[in-house]
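Fold and geometry: a report
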Amino acid sequence: MAAIVPEPTSSAAAAQSEPRWSVPARQHFVFDDFDDGIVMFDAAVGATHLLNVTAAETLLLVQQSPGLATSAIHRRLLQKLEVSEATLPLAAVEELAWRMEDLGLITASRS
Amino acid sequence: MTDATGKQQIPDSTVAGDTRVADHSKARRRLILAAGAVLPSIYTLSSGAQTAVSSTLACWAKQPTSPPARFTTAPDNWYRSEVYVGDHKASGAYCVMDRQENCIGPALGSHEIDPRGASANEGREGSVWIVDGTRGTAGPALRVTNVRPSPKAYGLVYVDQEGTISTLDPKLGSNLNPVAGSCWTSILGGRISKLG
């Protein structure tokens, strides 16, 4: 099992400016795993999405741990997927989070 | 389904599945990540077309090594539409206007006078014709005569993969392909499906 990487401390200003992500209460996801990807049905609006492993793990993280900042989600993804930051940069996770927000899958809040 | 730490994993399905499917999926995910497909991706599938997407895309994208003849004298298994035929000098000319009534001067058999001077059986000025495989616009430099109401020819129709565009005259660089009639039917079927 990978060693737990402690959350690094950051300035109060930086922490406050980062959005925190959660799944809306009305949401209900139905997943199914195929060779070509993970199909996820958004029961709230009746839309179907095709996700790769990284996107699916991100959604699961947000669902299981609401209120995480993007950087925290990124760190947990790196641990979960056992990949380096060079392979999965923070910017890619930020873009994914906003894309999911556009689709109504998750919501952002600023603490 | 949980891992060794007791945390929930992405379910292989929301219906009951056996552990062999789960193990296969975990192994496959390791391979996918190892192959470099780490950057996240999410695509929204069109409602009503989820089950048909892969098959219709395949039939649209699959092009034969020998492209079909653009114009034939009879229908075949390709999606085609009837087109007017005329003459340009010694060559046959095929009109590729999507509204075929725009191919000719005044209506055949009428006594109207076309202000552009075309007679009833001439290609209307500005209409688009294919002559010896070359696209041209009817006018002083390209006179199309003897446009006959029958027999017509059958021209290939070019479509996009969503089935929202169909035309006899694809523009250069447009992402349009000719398709088999059965493929077109499946594309339309996915588009108008009431599922979802």
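Residues numbered from 1 in each chain as written. Chains lettered and ligands numbered in written order. Predicted model: local features only at pLDDT ≥ 70, side-chain atom pairs only at ≥ 80, totals over all residues. Heavy atoms only, no water.

**Describing the sheet that holds strand 1 (residues 20-22) of chain A**
Residues and elements named next belong to chain A. The strand order across the open sheet formed by 3 strands is 5-1-6, and the pairing between neighbours is antiparallel. Edge positions in the sheet fall to strand 5 (68-69) and strand 6 (107-109), since each of these pairs with one other strand and no more. Sheet analysis places strand 1 next to strand 5, joined by 2 bridges and oriented antiparallel. Across the sheet, R20 pairs through a bridge with A69, a residue of strand 5. (Pairing = 2+ DSSP bridges. Helix = DSSP H or I, 4+ residues; strand = E, 2+ residues; numbered from the N terminus.)

**Observations concerning the nonpolar core**
Counting 31 residues, the largest nonpolar core has L51, L59, I73, L88, M100, L105 and I106 of chain A as its most contacted members. The set of elements that each furnish at least two residues to this core consists of strand 2 (29-34), strand 3 (37-42), helix 2 (53-64), helix 3 (70-81) and helix 4 (90-102) of chain A. Setting aside chain neighbours within four positions, we find L51 of chain A in contact with G37, I38, M40, A56, L59 and M100 of chain A together with S41 and I42 of chain B. Membership of the second largest hydrophobic core comes to 27 residues, among which are M97, I130, A153 and I187 of chain B. (Core = buried A, V, L, I, M, F, W, Y, C linked by side-chain atoms within 4.5 Å. Buried < 20%, exposed > 50% of the residue type's maximum accessible area, 1.4 Å probe, protein only. Contact = heavy atoms within 4.5 Å.)

**Quick look at the confidence of the model for chain B**
Interpretation of this model should avoid reading the predicted coordinates in detail wherever pLDDT is low. Residue and element names in this part refer to chain B. With 61% of its residues at a pLDDT of 70 or more, chain B shows a mean pLDDT of 72. Averaged over each element, pLDDT in chain B is lowest for helix 1 (residues 19-34) (55) and highest for strand 2 (residues 71-72) (96). Low confidence marks residues 107-111, where pLDDT is under 50. Its contacts with residues over four positions away, or in another chain, come to 5 contacts. Overall, residues 192-196 carries pLDDT values under 50, and its contacts beyond four positions in sequence, including any with other chains, amount to 4 contacts. (pLDDT = per-residue confidence, 0-100.)

**Overview of the pairing of strand 3 (residues 80-88) of chain B**
Residue and element names in this part refer to chain B. Pairing geometry for strand 3 and strand 7 (residues 145-156), over 6 bridges, is antiparallel. The partner of E82 across the bridge, within strand 7, is Y154. One ladder, built from 4 bridges, connects strand 3 with strand 4 (residues 91-95); its direction is antiparallel. Residue pairing across strands places V85 opposite Y94, the latter belonging to strand 4.

**So, the pattern of salt bridges**
Residues and elements named next belong to chain A. Here the structure, examined in full by the defined rule, presents 6 salt bridges over all chains. Salt-bridge contacts for K80 lead to E57; the nearest nitrogen and oxygen are separated by 2.6 Å. With K80 in helix 3 and E57 in helix 2, the pair connects residues that are 23 residues apart, well separated along the chain. You can call K80 partly exposed: its relative accessible area is 34%. Judged by relative accessible area, E57 falls into the buried class, the value being 6%. (Salt bridge = Lys/Arg side-chain N within 4 Å of Asp/Glu carboxyl O.)

**Re the environment of T58 of chain A**
All names here are of chain A. With respect to the helices and strands, T58 occurs in helix 2. Residue T58 is classed as buried on the basis of its relative accessible area of 3%. Linking T58 and M100, residues 42 residues apart in sequence, is a C-alpha distance of 9.9 Å. Polar contacts involving the side chain of T58 include one to the main-chain carbonyl oxygen of T54, which spans 2.7 Å. (Polar contact = N/O pair within 3.5 Å; in protein donor to acceptor, adjacent residues only side chain to side chain.)

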